[in-house]
Amino acid sequence: MGKTRDKYILYFINVFISGIVYSFMTSKLIFLEVNNSLIVILISSVVDLIIMYDIRKHSYFEKIPPYIYSVISLLFFFLIYLINVTNQWFYLIVYFYLSFFFSIVILFLQTAILDYEQNVKLGFLNMQFMRSASKMLGFLIGIVLEILSSDIYFFSILFLCVVVNIIGFRNLKWNNYEENEKRLELSIEGKRLYIILGIFSTATVLWIPLLVNTFNLSGLRSLSWVPFVLPGVLSMGLIHLQKKYRYLIDSLFMEYLYIPLMLCFLGLRMSNTFIVLQSILFSIIIAFSLSLSIKLRKYFLMINNRHDKRYLLQTLSMSSSIFSLIFSMLGVYRNYLEFILTMLCIVSVIYMIDKKENY
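Notes on the structure follow. Nothing here was measured: the structure is a model prediction, and the numbers come from that model. (Residues numbered from 1 in each chain as written. Predicted model: local features only at pLDDT ≥ 70, side-chain atom pairs only at ≥ 80, totals over all residues. Heavy atoms only, no water.)

1. Comments concerning the side chain of Glu255
Note on placement: Glu255 falls in helix 11 (residues 253–271). Side-chain polar atoms of Glu255 contact the side chain of Lys295, separated by 3.0 Å. What Glu255 contacts, discounting residues up to four positions off in sequence, is Leu292, Lys295, Val349, Met352 and Ile353. (Helix = DSSP H or I, 4+ residues; strand = E, 2+ residues; numbered from the N terminus. Polar contact = N/O pair within 3.5 Å; in protein donor to acceptor, adjacent residues only side chain to side chain. Contact = heavy atoms within 4.5 Å.)

As structure tokens, then:
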């Protein structure tokens with residue numbers, strides 16, 4: 001792909017726009033009173049499962065150069081302007097396609113970055129730092145655009161991103177998929193990590209629409225950007241400290257603090273009080289969850305270093321999607337859902353403490 005800087009720039013831009021899409025669509029569908037406020041997570045999960053199935057069985061998607069997806073998206077935007085529909089089904093269909101587009105592009109960039117980086121943990125830390133920064137900005141802009149009802153600006157930003165991708169990806173292609181197919185036959189080790197990473201990932205995304213909905217019901221719609229932005233700010237700060245002081249990510253301070261924080265957060269959610277404090281605790285928990293996930297992902301790639309990284313990264317996304325899909329389908333049972341997820345997070349952290357020597 002040429003210079004590594006170009007990979008990171010494209011990665012930042014696409015994660016940034018995907019953040020705008022996620023926060024805009026989440027807020028838009030909640031405002032349109034869609035029954036299940038977790039429908040956006042459900043759609044993202046289905047998309048990840050479709051991509052995973054293709055990688056495992058056919059590899060049709062990676063036979064298409066990345067820039068072709070951007071060209072198709074350009075045609076898709078022209079179609080959107082021609083249709084000019086603004087009901088909830090229109091937004092659901094648009095989000096399904098955009099979720100597919102950004103999942104494919106970001107998977108390609110993640111694979112390219114990790115192929116270059118000699119230190120897998122450093123690669124994950126760099127990507128997570130950029131992901132937190134770009135997601136934070138994207139979330140903020142996306143929810144502001146929805147509050148202002150500025151669909152035209154939303155689609156204009158997407159259009160500019162597509163143009164950038166067409167230029168940036170014009171000479172790029174996937175790795176040889178025939179060679180990768182042979183590596184798919186290898187057995188994956190450490191499959192238990194799929195469960196833990198799936199739980200952490202679900203916790204990261206599930207509470208955002210629930211918190212946004214709580215802000216709206218409390219008459220604080222103007223502050224509904226907080227659950228989107230604050231986790232990114234704290235995640236960036238924690239990752240910066242971990243890169244500067246490596247013992248922070250190698251120690252157990254996050255694991256031990258995670259459990260009481262999670263219990264306090266659950267208590268506030270169950271009592272439906274102190275919504276701003278809920279968002280602060282949630283943001284700290286997410287910062288810890290992302291850092292713990294980096295530990296697990298590094299270890300997972302290390303013990304499966306004979307596998308194709310593209311395949312491994314998508315299997316990790318698939319595990320997260322399965323958990324997110326199950327929980328989002330149960331979104332109408334909010335109280336039970338949050339209690340169960342909290343207990344699963346706590347059990348996962350206890351397991352990590354017990355098996356610390358592996359991570």
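2. Structural notes on helix 2 (residues 39–57)
Its 19 residues give helix 2 an end-to-end C-alpha distance of 27 Å, which sits within 8% of 27 Å, the value for a rise of 1.5 Å per residue. Directly after helix 2, the chain includes Ser59, whose backbone phi takes a positive value near 60 degrees. (Expected span 1.5 Å × (residues − 1).)

3. Focus: the packing of helix 8 (residues 192–217) against helix 12 (residues 275–303)
When two helices pack together, their arrangement is given by the angle between their axes and by how far apart the axes lie. It is at 10 Å that the axes of helix 8 and helix 12 come closest, and there the two elements cross at 160 degrees. By the angle between their axes, helix 8 is roughly antiparallel relative to helix 12. Handedness of the helix 8/helix 12 crossing: left-handed. Split by residue class, the contact of helix 8 with helix 12 holds 18 nonpolar, 6 polar and 2 charged. (Axes fitted to C-alpha atoms, helices over the stretch in contact; angles between N-to-C directions. Parallel < 35°, antiparallel > 145°, perpendicular 65-115°, else oblique. Left-handed = near helix turned anticlockwise from the far one by under 90°. Nonpolar A, V, L, I, M, F, W, Y, C, P; charged D, E, K, R; others polar.)

4. Description of unusual backbone geometry
Of note in this structure, Asn272 is not a glycine but carries a positive phi near 55 degrees. Looking at the element boundaries, Asn272 is found in the loop between helix 11 and helix 12. By relative accessible area, which is 51% here, Asn272 ends up exposed. Despite not being glycine, Phe274 shows a phi value in the positive range, around 50 degrees. Secondary-structure assignment places Phe274 in the loop between helix 11 and helix 12. (Buried < 20%, exposed > 50% of the residue type's maximum accessible area, 1.4 Å probe, protein only.)

5. Here we look at the pattern of salt bridges
All told, the structure shown has 2 salt bridges when counted by the stated rule. Across the pair Glu255 and Lys295 runs a salt bridge, and its minimum N-O distance is 3.0 Å. Here the residue Glu255 occupies a position in helix 11, and Lys295 occupies one in helix 12, the gap between them amounting to 40 residues. Comparing Glu255 with Lys295 shows no difference in burial state: the two are buried. Across the pair Glu338 and Arg269 runs a salt bridge, and its minimum N-O distance is 2.9 Å. In this pair, Glu338 sits in helix 14 (residues 334–354) while Arg269 sits in helix 11, placing the two residues 69 residues apart along the sequence. Here Glu338 and Arg269 have matching classes, each one buried. (Salt bridge = Lys/Arg side-chain N within 4 Å of Asp/Glu carboxyl O.)

6. Let's talk about the packing of helix 8 against helix 9 (residues 226–244)
Orientation of helix 8 relative to helix 9, taken along the N-to-C sense of each, is 130 degrees, at an axis distance of 9 Å. Regarding the angle of helix 8 to helix 9, the classification is oblique. Contacts between helix 8 and helix 9 pair Ile208, Leu211, Val212 and Phe215 from the former with Val226, Pro227 and Phe228 from the latter. Looking at the contact of helix 8 with helix 9, its residues break down into 7 nonpolar, no polar and no charged.

7. Digging into the environment of Phe169
By the secondary structure assignment, Phe169 is in the loop between helix 6 (151–168) and helix 7 (177–183). Along the backbone, Phe169 and Val105 are 64 residues apart, and their C-alpha atoms lie at a distance of 9.6 Å.

8. A closer look at the nonpolar core
Ranked by internal contacts, the top residues of the largest apolar core, which has 101 residues, are Val21, Met25, Phe102, Phe154, Leu158, Trp207 and Tyr258. Ignoring anything within four residues of it in the chain, the contact list for Tyr258 reads Phe200, Ile285, Phe288, Ser289, Leu292, Cys345 and Val349. (Core = buried A, V, L, I, M, F, W, Y, C linked by side-chain atoms within 4.5 Å.)

Geometric descriptors of this kind do not, in isolation, establish any biological role.
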